[in-house]
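# Coordinate analysis (summary)
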Amino acid sequence: MNASVTTLVLLLAERLRALNWRMATAESCTGGGIGYYLTELAGASDWFAGGILAYSNAVKQDALGVSAETLLTQGAVSEATVAQMADGVFRLMRTDCVVAVSGIAGRSEERRVGKECLRLCR
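Residues numbered from 1 in each chain as written. Predicted model: local features only at pLDDT ≥ 70, side-chain atom pairs only at ≥ 80, totals over all residues. Heavy atoms only, no water.

## Considering unusual backbone geometry
The phi torsion of most residues other than glycine is negative, and most of the peptide bonds are trans. How we decide: The secondary structure listing takes helices from DSSP runs of H or I that are at least 4 residues long and strands from runs of E that are at least 2 residues long, numbered from the N terminus. A simple rule labels every residue: compare its accessible area, found with a 1.4 Å probe on the protein chains alone, to the largest value its type can have, and call it buried under 20%, exposed over 50%, or partly exposed in between.
Positive phi, close to 60°, is recorded for Asn20, a residue that is not glycine. Position of Asn20 among the secondary structure elements: in the loop between helix H1 (3-19) and strand S1 (23-27). Taking relative accessible area as the criterion, Asn20 reaches 67% and is therefore assigned exposed. Of note, the phi angle at Arg94 is positive, near 55°, even though the residue is not glycine. For Arg94, the position within the fold is in the loop between helix H5 (79-93) and strand S3 (97-103).

Here it is in structure tokens:
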């Protein structure tokens, strides 16, 4: 893990411990990478409950409750989809806060590479 990521995770862990909060993740384009970095820190189980890796739209729908209509009309990489992913993981994990992310990591005819949506909520 590079120094800036390590620093960010350490600061996050410190803040979550100070608040006595637990967090969870809902990841798509990051492929579980956020959860990987969070769990590299010893003691992460004190504040990290887990995550859902919802790379496919079917998993977004079935596991996280993202509506088919949202995926059809807004797309997988949209604020609406990520908001529903956040709501779904919040409901499943019953944590104090969640991070949800979707984006385009590879080539796409329809959208520019690197487009991403992120939602943090309590």
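## What to know about H1
Convention followed: Each helix should span, by expectation, one fewer than its residue count multiplied by 1.5 Å. Note that the arc is defined by the directions from the helix axis to the C-beta atoms. By definition, residues are in contact when any of their heavy atoms lie within 4.5 Å.
In this model H1 runs 24 Å from its N-terminal to its C-terminal C-alpha over 17 residues, within 8% of the 24 Å that 1.5 Å per residue would give. Considered for burial, the residues of H1 that qualify are Val9, Ala13 and Leu16. Summarising the axial view, the buried residues of H1 lie within an arc of 70°, below the 170-degree limit, and thus occupy one face. Residues of H1 that are exposed and point over 90 degrees away from its buried face: Ala3, Ser4, Leu8, Leu11, Glu14, Arg15 and Ala18. The inward-facing, buried residues of H1 abut S1, helix H2 (33-39) and S3.

## Notes on the nonpolar core
Definition in use: We call a set of buried residues a nonpolar core when its members are Ala, Val, Leu, Ile, Met, Phe, Trp, Tyr or Cys and they connect through side-chain atoms within 4.5 Å of each other.
Ranked by internal contacts, the top residues of the largest apolar core, which has 13 residues, are Ala26, Leu64, Met85, Val89 and Ala100. Ranked by residues supplied to this core, first place goes to H5 with 4 residues. Contact partners of Leu64, with chain neighbours within four places excluded, come to Ala26, Ile52, Ala54, Val59, Gln84, Met85, Gly88, Val89, Arg91 and Leu92. Of all hydrophobic cores here, the second largest spans 11 residues; its members include Met23, Leu38, Leu41 and Cys97.

## Looking at the side chain of Glu27
Let me state the cut-off plainly: Residues counted as positive are Lys and Arg, residues counted as negative are Asp and Glu, and His and the chain ends are not counted. Only one rule defines a salt bridge in this text: a Lys or Arg side-chain nitrogen within 4 Å of an Asp or Glu carboxyl oxygen. Side-chain atoms alone can form a polar contact between residues adjacent in sequence; in general such a contact is a pair of N or O atoms within 3.5 Å, and within protein one must be able to donate a hydrogen while the other accepts it.
Mapped onto the elements of the fold, Glu27 is located in strand S1. Of the buried charged residues, Glu27 lacks a salt bridge, with Lys60 as the closest side chain of opposite charge at 11 Å. Within the structure, Glu27 has its side chain in polar contact with the backbone nitrogen of Gly32 (distance 3.3 Å).

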